[in-house]
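Structure assessment
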Amino acid sequence: HRELYAATANINQNLLLCQTVTNEEGESTLLLSHPPFLIDRVYIASLQKGLKQSALANILAIDPDLSQTGDPQSFYGQGQRLWLYPHQTTSYSTTVWYVPNPKDLTEDTPEDEIPYPIPYHPVLADGALYYVFQDEGGFKNSQREAQAKERWEKGKSRLLSYLYYTNLKI
């Protein structure tokens, strides 16, 4: 599941969450309700402006003590927090579109909470079977291992293609 999630998260629109967060005046941090796997968009409606994602190291190269203030131009993430840059003296309502980290799947996970279209759920079983064969305590059947690997790889490829072409229909 985690391998499939990592491979599809950037194009699986069913995973995107939208959260509007307001920073406290004089604070540059926004707390998201879930740790993000990736951040798609950060937008401040009052400024009619999307912010660019930047690495903290790049910002520190320009402003080593993070002392600059002004309208937000960019953001960087640390765990569940997003930091607006430059430092904020004003409060902004900020809309964040992001994909949260994957949740573990268990036997009790309802089918509608599996983050892939239902026709692709068997891909998870094929992947699990392939990894069972890989384990040194696995079934030790090279033909079945090869078949499971082929189904796993084809299934991942088909799911990626499906998600990619679904995103093109706008």
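Preceding this paragraph is the structure being described.
I will try to describe carefully the structure that is included in this document. On a predicted model such as this, the values are computed, not experimentally measured, just so you know. (Residues numbered from 1 in each chain as written. Predicted model: local features only at pLDDT ≥ 70, side-chain atom pairs only at ≥ 80, totals over all residues. Heavy atoms only, no water.)

**Here's the deal with the overall build of the protein chain**
- In terms of helices and strands, the protein chain carries 4 helices and 8 strands.
- Listing every helix and strand of the protein chain by position from the N terminus yields α-β-β-β-β-β-α-β-β-β-α-α.
- Radius of gyration (C-alpha) of the protein chain: 21 Å, far over the 15 Å computed for a compact globule of 170 residues.
- Taken along its principal axes, the extent of the C-alpha atoms in the protein chain is 65 × 35 × 30 Å.
- Sequence-distant contacts in the protein chain: of pairs separated by 6 or more residues, those separated by 24 or more amount to 64%.
- Carbon and sulfur atoms make up 50% of the accessible area of the protein chain, which totals about 10700 Å². (Helix = DSSP H or I, 4+ residues; strand = E, 2+ residues; numbered from the N terminus. Rg over C-alpha atoms; globule rule 2.2 N^0.38 Å. Contact = heavy atoms within 4.5 Å. Areas by Shrake-Rupley, 256 points an atom, 1.4 Å probe, with all protein chains shown as cover.)

**A closer look at the nonpolar core**
- Ranked by internal contacts, the top residues of the largest apolar core, which has 17 residues, are Leu4, Tyr5, Tyr116 and Leu159.
- Of all elements in the fold, only α1 (2-8), α3 (121-134) and α4 (142-168) reach the threshold of two or more residues within this core.
- Residues contacting Tyr5, with those up to four places away along its chain left out, are Leu15, Phe37, Val99, Pro100, Asn101, Pro102, Pro115 and Tyr116.
- If you look at the next biggest cluster of nonpolar residues, it comprises 13 residues, including Val21, Val42, Tyr92 and Tyr98. (Core = buried A, V, L, I, M, F, W, Y, C linked by side-chain atoms within 4.5 Å. Buried < 20%, exposed > 50% of the residue type's maximum accessible area, 1.4 Å probe, protein only.)

**Regarding the environment of Thr94**
- With respect to the helices and strands, Thr94 occurs in strand β8 (residues 93-100).
- Residues Thr94 and Asn14, 80 residues apart in the sequence, show an inter-C-alpha distance of 21 Å.

**As for the sheet that holds strand β5 (residues 52-53)**
- If you trace the 4 strands from one edge of the open sheet to the other, you get β2-β7-β6-β5, paired in mixed fashion. Looking at strand neighbours, the two that pair on one side only are β2 (29-31) and β5, the edges of this open sheet.
- Here β2 pairs with strand β7 (residues 81-85) via 3 bridges, running antiparallel. Among the inter-strand pairings, Leu30 is bridged to a residue of β7, identified as Leu82. (Pairing = 2+ DSSP bridges.)

**Considering the sheet that holds strand β4 (residues 49-50)**
- Across the sheet, which stays open at both edges, the 4 strands sit in the order β1-β8-β3-β4 with antiparallel pairing between neighbours. Sheet topology places β1 (17-22) and β4 at the edges, where each strand pairs with a single neighbour.

**Some thoughts on the pairing of strand β6 (residues 74-78)**
- The sheet contact formed by β5 and β6 spans 2 bridges and is parallel. Following the sheet pairing, Lys52 is matched in β6 by Ser74.
- For the crossover that starts at β5, traverses helix α2 (residues 56-62) and ends in the parallel β6, the hand is right-handed.
- Hairpin connection between β6 and β7: a loop of 2 residues separates the two successive antiparallel strands, and Gly79 in this loop has a positive phi of roughly 60°. (Right-handed = clockwise from strand over helix to strand, strands pointing away.)

**Looking at the environment of Pro100**
- Along the chain, Pro100 falls in strand β8.
- Here Pro100 falls in the buried class, since its relative accessible area comes to 14%.
- Considered as a pair, Pro100 and Thr90 are 10 residues apart in the sequence and their alpha carbons are 27 Å apart.
- Apart from residues lying up to four places away in sequence, Pro100 is in contact with Tyr5, Leu15, Leu17, His34, Pro35, Pro36 and Phe37.

**A few points about unusual backbone geometry**
- Residues Tyr85 and Pro86 are joined by a peptide bond in cis, for which omega reads 0°.
- When you line up the elements, Pro86 lands in the loop between β7 and β8.
- We note that Gln48 has phi near 50°; this positive angle belongs to a residue other than glycine.
- Here Gln48 shows up in the loop between β3 (36-44) and β4.

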